[in-house]
Amino acid sequence: STNSQLFAGDQVTLASTSDDVNATFFGFESFRVRGVSATLTRNYFDWALPTDTYNSERVEEARGPNSILFGIGSAGGVVNSMTKRASLGRNFRTATVGLSSYGGYRGTIDLNQRFGSRLALRFNAVYDRNESFRNFNFSQKQMAAVAATFKVSDKTTLRAEYETGRIIDNVGTNMQAVDQFGNWVNGGRTLITTPLTAAQTTAA
């Protein structure tokens, strides 16, 4: 999608007394469209939890004013992910295995089972370990999802799903190393008050 990007803490002001530090670590699940924050939804419901593509069937994007059709869209638009549904059409079994840079690896399974012509269950699971070029930086996901479809009648179908998992994440900030100690020594080792005054912040 053109002009869409993952938010990675690059808009967070560094070295400020009013920093939202959590935004650096937990803001990676949001997107910007044309530089404006977009609303994240899942199955058209507002969504703020970490997500993964292992149980995603489709991703949709409504850009700009189109997002108002969903009622909760921001000015940047809506990025909506649809989860995998149990299929009444056929049984299938799929699995994937992948390797990534710096020693990362990932495996997924996708199982769909019909029970007659009215009931079907689908099971998806993932184990994902990502390493980084930064030392001691990694993320690990163990997640599983179950979806059910029950056809009550020709005009009525019930669907339900459940997901659980565990995410261990160690996210590094996007700032580069800065020698603040050297700046302080070169500046005359001036003592400051806590909290910083406006003049001290400017000087720093």
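Above this note sits the structure.
Read on for a plain summary of the structure. Keep in mind that what you see is a predicted model, and the values were worked out from it rather than measured.

1. Notes on the pattern of salt bridges
Part 1 of the argument: One pass over the full model with this rule turns up nine salt bridges.
Part 2 of the argument: As a salt-bridge pair, aspartate 110 and arginine 122 come within 2.8 Å of each other at their nearest N and O atoms. With a gap of twelve residues between them, aspartate 110 in strand E8 (residues 104-115) and arginine 122 in strand E9 (residues 119-131) connect regions that are remote in the sequence.
Part 3 of the argument: Take aspartate 110: its relative accessible area is 6%, and that puts it in the buried class.
Part 4 of the argument: Note on arginine 122: relative accessible area 6%, which makes it buried.
Part 5 of the argument: As a salt-bridge pair, arginine 129 and glutamate 131 come within 2.8 Å of each other at their nearest N and O atoms.
Part 6 of the argument: Linked through salt bridges whose partners overlap, the residues forming this network are Asp52, Arg106, Asp128 and Lys141.

2. Topic: a nonpolar patch on the surface
Part 1 of the argument: Where nonpolar side chains cluster on the molecular surface, the patch consists of Ile109, Leu111, Phe115, Leu119, Leu121, Phe123, Val146, Phe150, Val152 and Leu158 and spans about 780 Å² of accessible area.
Part 2 of the argument: Sorting the residues of the nonpolar patch by element identifies E8, E9 and strand E10 (138-151) as the ones contributing at least two each.
Part 3 of the argument: Summarising the element assignment, leucine 121 is placed in strand E9.
Part 4 of the argument: The class for leucine 121 is partly exposed, based on a relative accessible area of 35%.

What counts and how
Residues numbered from 1 in each chain as written. Predicted model: local features only at pLDDT ≥ 70, side-chain atom pairs only at ≥ 80, totals over all residues. Heavy atoms only, no water. Salt bridge = Lys/Arg side-chain N within 4 Å of Asp/Glu carboxyl O. Helix = DSSP H or I, 4+ residues; strand = E, 2+ residues; numbered from the N terminus. Buried < 20%, exposed > 50% of the residue type's maximum accessible area, 1.4 Å probe, protein only. Patch = residues over 30% accessible without salt bridge, like charges linked within 9 Å, V, L, I, M, F, W, Y side chains within 5 Å. Areas by Shrake-Rupley, 256 points an atom, 1.4 Å probe, with all protein chains shown as cover.

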